[in-house]
Amino acid sequence: MTRVIPGAKSVSQPLAVLLLLASTSVLASEGHDLTFTGDGSFIGAHGGQSVHVALYDVAKGEVVASDAGSVSEGESPAFSFSFPGALEEGRLYDVHYWIDSNFGGGSEGQCDPVNVDHQWRVALIHVEAPVTLEVAHEPSRQAPVCTSFD
């Protein structure tokens, strides 16, 4: 036997709509994943050297996620980093990364000037879904990013 409570329908529909809207806003606030990799062109120049990456929120002017690892000495991808849920829709990001190459000097474990340690910046715009970003080793396209790793 089903018991009917008078007025329950009028109370449950608004409550159901409110719960649906609340769950939608929770889902909307969850970020998208970023997968960042370097292709095999990094291996010859930087195999075995450390690589550092930072996800930089341009509007906030701050690093929102970072990680470090090593450049592969023989297998592609040369490096790979995952940042689950780190990207929010509508925000502008840069991916900053550097390799501790110490060409002509420098300090081990410290981000040294461009051309001593290789450094790059890649802009992410129009984030609307998970992003997979693969980069190639392009020394001519370096940009100073050490301040993101202080």
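What you see is a predicted model; the values in this text were computed from it and never measured.

About the thresholds
Residues numbered from 1 in each chain as written. Predicted model: local features only at pLDDT ≥ 70, side-chain atom pairs only at ≥ 80, totals over all residues. Heavy atoms only, no water. Salt bridge = Lys/Arg side-chain N within 4 Å of Asp/Glu carboxyl O. Helix = DSSP H or I, 4+ residues; strand = E, 2+ residues; numbered from the N terminus. Buried < 20%, exposed > 50% of the residue type's maximum accessible area, 1.4 Å probe, protein only. Core = buried A, V, L, I, M, F, W, Y, C linked by side-chain atoms within 4.5 Å. Contact = heavy atoms within 4.5 Å. Phe/Tyr/Trp six-rings, centres within 6.5 Å; stacked < 30°, edge-to-face > 60°. Disulfide = S-S within 2.5 Å. pLDDT = per-residue confidence, 0-100. Pairing = 2+ DSSP bridges. Axes fitted to C-alpha atoms, helices over the stretch in contact; angles between N-to-C directions.

Caption draft 1: Quick peek at the pattern of salt bridges. Scanning all chains against the criterion turns up two salt bridges. Between R91 and D57 there is a salt bridge; the shortest N-O distance is 2.7 Å. Residue R91 is located in the loop between β4 (79-87) and β5 (93-99), and its partner D57 is located in strand β2 (residues 50-57); the two are separated by 34 residues in the primary sequence. For D57, a relative accessible area of 1% puts it in the buried group.

Caption draft 2: Fine view of the nonpolar core. Grouped together as the largest cluster of nonpolar side chains are 24 residues, with contacts concentrated most on F36, F42, F79, V95, Y97 and L124. Of all the elements in the fold, those that place two or more residues in this core are β1 (32-38), α2 (41-46), β2, β4, β5, β6 (118-124) and β7 (131-135). If we ignore the near neighbours within four places in the chain, the residues touching F79 are F36, T37, G38, F42, V51, S70, V71, Y97 and V135.

Caption draft 3: Focus on the packing of aromatic side chains. Inspection of every chain in the model, using the stated rule, returns nine aromatic pairs. When the ring of F79 is compared with that of F81, the centres are 6.0 Å apart and the planes differ by 45°; the resulting orientation is tilted. Pairing Y97 with W120 gives two aromatic rings, centres 5.0 Å apart and planes at 20°, and the pair type is stacked. A residue pair is termed long-range when its members are at least 10 positions apart, and Y97 in strand β5 and W120 in strand β6 qualify at 23 residues. Classification of Y97 as buried rests on a relative accessible area of 2%. Aromatic ring contacts, followed pair by pair, group F36, F42, F79, F81, Y97 and W120 into a single cluster.

Caption draft 4: Structural view of the state of the cysteines. Taken as a whole and assessed by the stated rule, the structure comprises one disulfide. C111 shares a disulfide with C146; S-S distance 2.0 Å. Taking the sign of the S-S torsion, -80° for the link of C111 and C146, the bridge is left-handed. Of this pair, C111 sits in the loop between β5 and β6 while C146 is found in the segment after β7, placing the two residues 35 residues apart along the sequence. Of the two residues, C111 and C146, neither departs from the other in class, the shared state being buried.

Caption draft 5: Representation of the confidence of the model for the chain in the model. Predicted confidence across the chain gives a mean pLDDT of 87, with 81% of residues reaching 70 or more. In the predicted structure, residues 14-28 sits below a pLDDT of 50 and forms one contact with residues beyond four places in sequence or in another chain.

Caption draft 6: Just unusual backbone geometry, in detail. Backbone torsion omega between S76 and P77 reads 5°, so that peptide bond is classified as cis. Take P77: it is sitting in the loop between β3 (62-70) and β4. The phi dihedral of N102 is positive, around 50°, even though this residue is not glycine. As for its placement among the helices and strands, N102 is situated in the loop between β5 and β6. For N115, which is not glycine, the phi torsion reads 80° and is therefore positive.

Caption draft 7: Representation of the sheet that holds β2 in the model. Here we have four strands laid out as an open sheet, ordered β3-β2-β5-β6, and antiparallel in their pairing. Strands with a single pairing partner mark the edges of an open sheet, and in this sheet they are β3 and β6. For this sheet, the mean inter-axis angle between neighbouring strands, taken without regard to orientation, is 15°. Judged from the seven bridges that link them, β5 and β6 form a sheet pairing that is antiparallel. Following the sheet pairing, V95 is matched in β6 by V122.

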